[in-house]
Amino acid sequence: MSSEPLMPSEPPPFCELDGYVFGFAHPGSQLKDHIYERSRRLFAAGDAQRDALRSTEAVLARQAKIRADLLDSLGGLPTSASPLNPRVTGVVQGAGFTVEKIIFESRPSHYVTANLYLPDGLTAPTAAVLFLCGHHIPAKQQPEYQGVCQTLVAAGLVVLALDPVGQGERLSYYDPATQRTTVPAGTRDHDTAGAQCRFLGDSIARYFLHDAMRGIDYLMTRAEVDPRRIGVTGNSGGGTQTSLVMMADPRIAAAAPGTFVMTRDSYQRTGQPQDAEQIWPGFTRGGYDHEDILLAMAPKPVCVLAVTADFFPIEGTRRTVDRARRVWSLFDHADRLELVEDQATHAYTPVLAAAAARFFARHLLGREADRGMFSATPFPMEKLQCTASGQVRAEFSDAQFVFDANHARWQAAERSRAALPAAERKKRALDWLRAEVFRDRETVDLNPRVIERERPAVGCAADIAFWWPQPHLANLGMLFRARTASAAAPVTVAVWDDGTAALSRHAVWLQR
């Protein structure tokens, strides 16, 4: 073995510049700060719009605008012209109620699995509540949600609990051959299909909302239900869906959104993300906030359900409800807006379930519910399955999901583009891109600074500069040129992952 010392390898070209420290304007949080600052200006503008509502006529006009703008932001709704084709696949007997296991089609071949809770002894049409599930994977079969539904049915209400897309018996990416999912259920399922929707200019929320509205359609076909007395409730992701229904469907007579209503500002400050169906493009830009979710229902009864130790900030919940109260006062119905809090973490707790039962009994049944009557004994989850296999995709060979709808719409868009001349396709693409890139941009002088000139690099010289493409949003660049280059030399703009921190990885290209 040689005893000669190993010679250190030469550092790769440009590695010194890879680690260049930009000391003039810290870029780390600038983009976030820029977006947050713009958002907060829009939040304030939205507050001013709502503060200007001084009459019932003004409120009704805003309600119509909320609904129109929401549906436009989601990409509109799928058609509801197709038949529901409902079927009852089984019945389970509970203590004082029965549960029918229902499958209907919200759209052709889009099968929705649901449980319909019916109080014993019904002799006339009565009030019903649509229960929309949060992000628990078992959805309608989750013991927590069973407990809420049993509490509501014990108060004398018909209850329809739906499985959302990607949960319960509706896993979008379930493979019957392996009995596994290629994309995990729940929020991962939603985000995967939701990303596809974004490329089509839609939000996956349009499908969640449409399924819920078709659930209302189904309730209205039942002889046990009075169509004028239908309410809606759900918490977490179900609170999201409840909020969508409150804004979009005027057939709802009362609503109890749970553990979701807050303020967009308070949630933004937590730094948390939102799931795909909770992203409503243009909602902030339009001056809307969660206060508008409530205003969309005025003067109908609304009971906001909240827990004090939630990741949805309770401070935002209280502010939204407090600000909205005066709108109900304009209609002389201040008593129809409530806030119920439980000292708990994120859940549809038994305390909230009992409060919802009392609320719906008072406003939909016209009576006070017995405060001591509520108890729940969940069934084994498999007992409430609507399909024999436990999954729609395994049960129906023609079953379709959001992915299938996205794929069909993409193919239609491709056919439309293919029918255009190439020059027209290019023009439309560039027009669209230009509009998107410059939408809502604030005009500002670049004020470029060359902070280092002719810094030596490998076989060339580098000028280092920064400028301001938008207020308080700096950009850094390095201009490389051969030392013999003339002032009129052509320029190539290089954009790659990691930017000026990745120079050494592109050394050969740069030198060439």
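Description of the structure in this document.

The rules behind each value
One numbering rule holds for all chains: residues counted from 1, following each sequence as written. Per-residue local features are limited, in this predicted model, to residues with pLDDT of at least 70; the limit for side-chain atom pairs, both in listing and counting, is 80 or more; totals at the level of whole chains, interfaces and linings are taken over all residues. Side-chain metrics in this entry use all non-hydrogen atoms of the structure; hydrogen atoms and water are not considered. Runs of H or I in DSSP of at least four residues are treated as helices and runs of E of at least two as strands, each being numbered from the N terminus. One bridge is not enough; two strands pair if DSSP finds at least two bridges between them. Every axis corresponds to a line fitted to the C-alpha atoms, with the helix fit spanning only the stretch in contact, and the corresponding angles, defined between N-to-C directions, vary from 0 to 180 degrees. For cavity detection a 1 Å grid was placed over the protein atoms alone, and a set of points counts as a cavity when a 1.4 Å probe fits there but cannot get out; an open set counts as a pocket when protein lies on both sides within 12 Å along at least five of seven lines, with lining residues being those that have an atom within 4 Å of a point. Grid points are joined across faces, edges and corners, and a volume is the space filled by probe spheres set on the points. Polar here means any residue other than Ala, Val, Leu, Ile, Met, Phe, Trp, Tyr, Cys and Pro, which are nonpolar, and Asp, Glu, Lys and Arg, which are charged; Gly is therefore polar. Contacts between residues were defined by any pair of non-hydrogen atoms, one from each residue, lying within 4.5 Å. Only Phe, Tyr and Trp rings take part, Trp by its six-membered ring, and two of them pair if their centres are within 6.5 Å. Stacked means planes under 30 degrees apart, edge-to-face means over 60, and tilted covers everything else. The cut-offs for exposure are 20% and 50% of the maximum accessible area for each residue type, with area from a 1.4 Å probe on protein chains only; residues under the lower value are buried, those over the upper are exposed, and the others partly exposed. Residues qualify for a patch when their relative accessible area is over 30% and they have no salt bridge, like charges being joined within 9 Å and the nonpolar side chains of Val, Leu, Ile, Met, Phe, Trp and Tyr within 5 Å. Accessibility throughout is a Shrake-Rupley quantity obtained with a 1.4 Å probe, and a residue counts as covered only by protein chains that appear here. Salt bridges are defined as contacts in which a side-chain nitrogen from Lys or Arg sits within 4 Å of a carboxyl oxygen from Asp or Glu. Here, expected helix span is obtained from the residue count minus one, scaled by 1.5 Å. The scheme is simple: roughly parallel for angles under 35 degrees, roughly antiparallel for over 145, roughly perpendicular for 65 to 115, oblique for anything else. Helix crossings get a hand from a simple test, with the near helix turned counterclockwise from the far one by less than a right angle marking a left-handed crossing and a clockwise turn marking a right-handed one.

**Some thoughts on the environment of R358**
- Mapped onto the elements, R358 comes out in helix α11 (residues 350-365).
- For the pair R358 and T151, spaced 207 residues apart in sequence, the C-alpha separation works out to 9.7 Å.

**Side note on the sheet that holds strand β14 (residues 473-481)**
- As summarised here, the arrangement of the three strands in space is β12-β13-β14, forming an open sheet in which the pairing is antiparallel. Looking at strand neighbours, the two that pair on one side only are β12 (449-457) and β14, the edges of this open sheet. The sheet shows a mean angle of 25° between the axes of neighbouring strands, taken without regard to direction.
- Examined bridge by bridge, β12 and strand β13 (residues 460-470) share six bridges and lie antiparallel to one another. Considered in β13, the bridge of E452 is made with I464.

**Structural notes on the layout of surface pockets**
- Approximately 1,300 Å³ is the volume attributed to the second largest pocket.
- Looking at the second largest pocket, it is lined by 41 residues, and the ones nearest its centre are M478, L479, F480, T492 and A494.
- For the lining of the second largest pocket, the secondary structure elements donating two or more residues are α1 (15-18), β12, β13, β14 and α15 (507-511).
- With seven residues, β14 is the single largest residue contributor to the lining of the second largest pocket.
- Classifying every residue of the lining of the second largest pocket gives 26 nonpolar, eight polar and seven charged.

**Considering the sheet that holds strand β5 (residues 158-162)**
- In space, the nine strands of this open sheet follow the order β1-β2-β3-β5-β4-β8-β9-β10-β11, with mixed pairing throughout. Looking at which strands have only one partner, the edges of the open sheet turn out to be β1 (87-93) and β11 (337-345). Averaged over all pairs of adjacent strands, the angle between their axes in this sheet comes to 20°, without regard to strand direction.
- Sheet topology note: the β1/strand β2 (residues 97-107) ladder contains six bridges and is antiparallel. Across the sheet, the residue bridging to G90 is K101, located in β2.
- Against the sheet, helix α7 (residues 237-248) contacts β4 (126-132), β8 (225-235), β9 (254-258) and β10 (302-309), and its axis sits at roughly 140° relative to β8.
- Set on the sheet, helix α10 (residues 314-330) makes contact with β10 and β11; between it and β11 the angle comes to about 170°.

**Considering the packing of aromatic side chains**
- The tally for this structure, following the rule as stated, stands at 19 aromatic pairs.
- Note on F104 and Y218: the rings are 5.9 Å apart at their centroids and 10° apart in plane angle, and the pair reads as stacked. In this pair, F104 sits in strand β2 while Y218 sits in helix α6 (residues 205-221), placing the two residues 114 residues apart along the sequence.
- Looking at F104, the relative accessible area reads 0%, which means it is buried.
- Its relative accessible area of 3% is what places Y218 among the buried residues.
- For the ring pair Y111 and F396, a centre distance of 4.0 Å and an interplane angle of 10° mean the geometry is stacked. Placement of Y111 in strand β3 (residues 110-119) and of F396 in the loop between α12 (392-395) and α13 (402-418) is noted, with a sequence separation of 285 residues between them.
- Note on F396: relative accessible area 14%, which makes it buried.

**Observations concerning a nonpolar patch on the surface**
- Taken together, the side chains of W432, L433, V437 and F438 define a hydrophobic patch exposed on the protein surface, amounting to about 440 Å² of accessible area.
- Locating W432 in the fold gives a position in helix α14 (residues 422-438).
- For W432, a relative accessible area of 55% puts it in the exposed group.

**Here's the deal with the side chain of N235**
- Here N235 lies in strand β8.
- For N235, a relative accessible area of 2% translates into the label buried.
- Not counting residues within four places of it along the chain, the set of residues in contact with N235 comprises L132, G134, E144, Y145, G258, T259, H346, A347 and Y348.

**Observations regarding α7**
- Taking 1.5 Å of rise per residue, the twelve residues of α7 would be expected to cover 16 Å, and the 17 Å separating its terminal C-alpha atoms lies within 8% of that figure.
- For α7, a buried count of twelve out of twelve residues is recorded, marking the element as mostly surrounded by other parts of the structure.
- Within α7, the full set of buried residues consists of G237, G238, G239, T240, Q241, T242, S243, L244, V245, M246, M247 and A248.

**What about the environment of G316?**
- Structurally, the position occupied by G316 is in helix α10.
- Beyond its immediate stretch of four places on either side in the chain, G316 contacts M262, T263 and S266.

**What to know about the environment of P490**
- Looking at the element boundaries, P490 is found in the loop between β14 and α15.
- With relative accessibility at 80%, the residue P490 sits in the exposed group.
- Between the alpha carbons of P490 and T123 there is a distance of 85 Å; along the sequence they are 367 residues apart.

**Points about empty space enclosed by the protein**
- Within this structure, the stated rule accounts for three cavities of 30 Å³ or more.
- Taken as a whole, the largest cavity spans an internal volume of roughly 60 Å³.
- Considering every element that reaches the lining of the largest cavity, the biggest residue donor is α6, with four residues.
- Looking at side-chain class alone, the lining of the largest cavity contains seven nonpolar, one polar and three charged residues.

**Topic: the packing of helix α4 (residues 143-154) against α11**
- α11 packs onto α4 with a crossing angle of 30° between their chain directions and a minimal axis gap of 9 Å. Judged by the inter-axis angle, α4 sits roughly parallel to α11. The handedness of the crossing between α4 and α11 comes out as right-handed. Of the residues in α11, those in contact with V148, T151 and L152 of α4 are A353, A354, A356, A357 and F360.

**What about unusual backbone geometry?**
- P299 follows A298 through a cis peptide bond whose omega is 5°.
- Secondary-structure assignment places P299 in the loop between α9 (290-295) and β10.
- One non-glycine residue, F14, adopts positive backbone phi at about 75°.
- Here F14 shows up in the segment before α1.
- Residue F14 is classed as buried on the basis of its relative accessible area, which comes to 5%.
- Here D440, not a glycine, exhibits a phi torsion of approximately 65°, which is positive.
- Here D440 is to be found in the loop between α14 and β12.

Any link to function would need more than the numbers given here.
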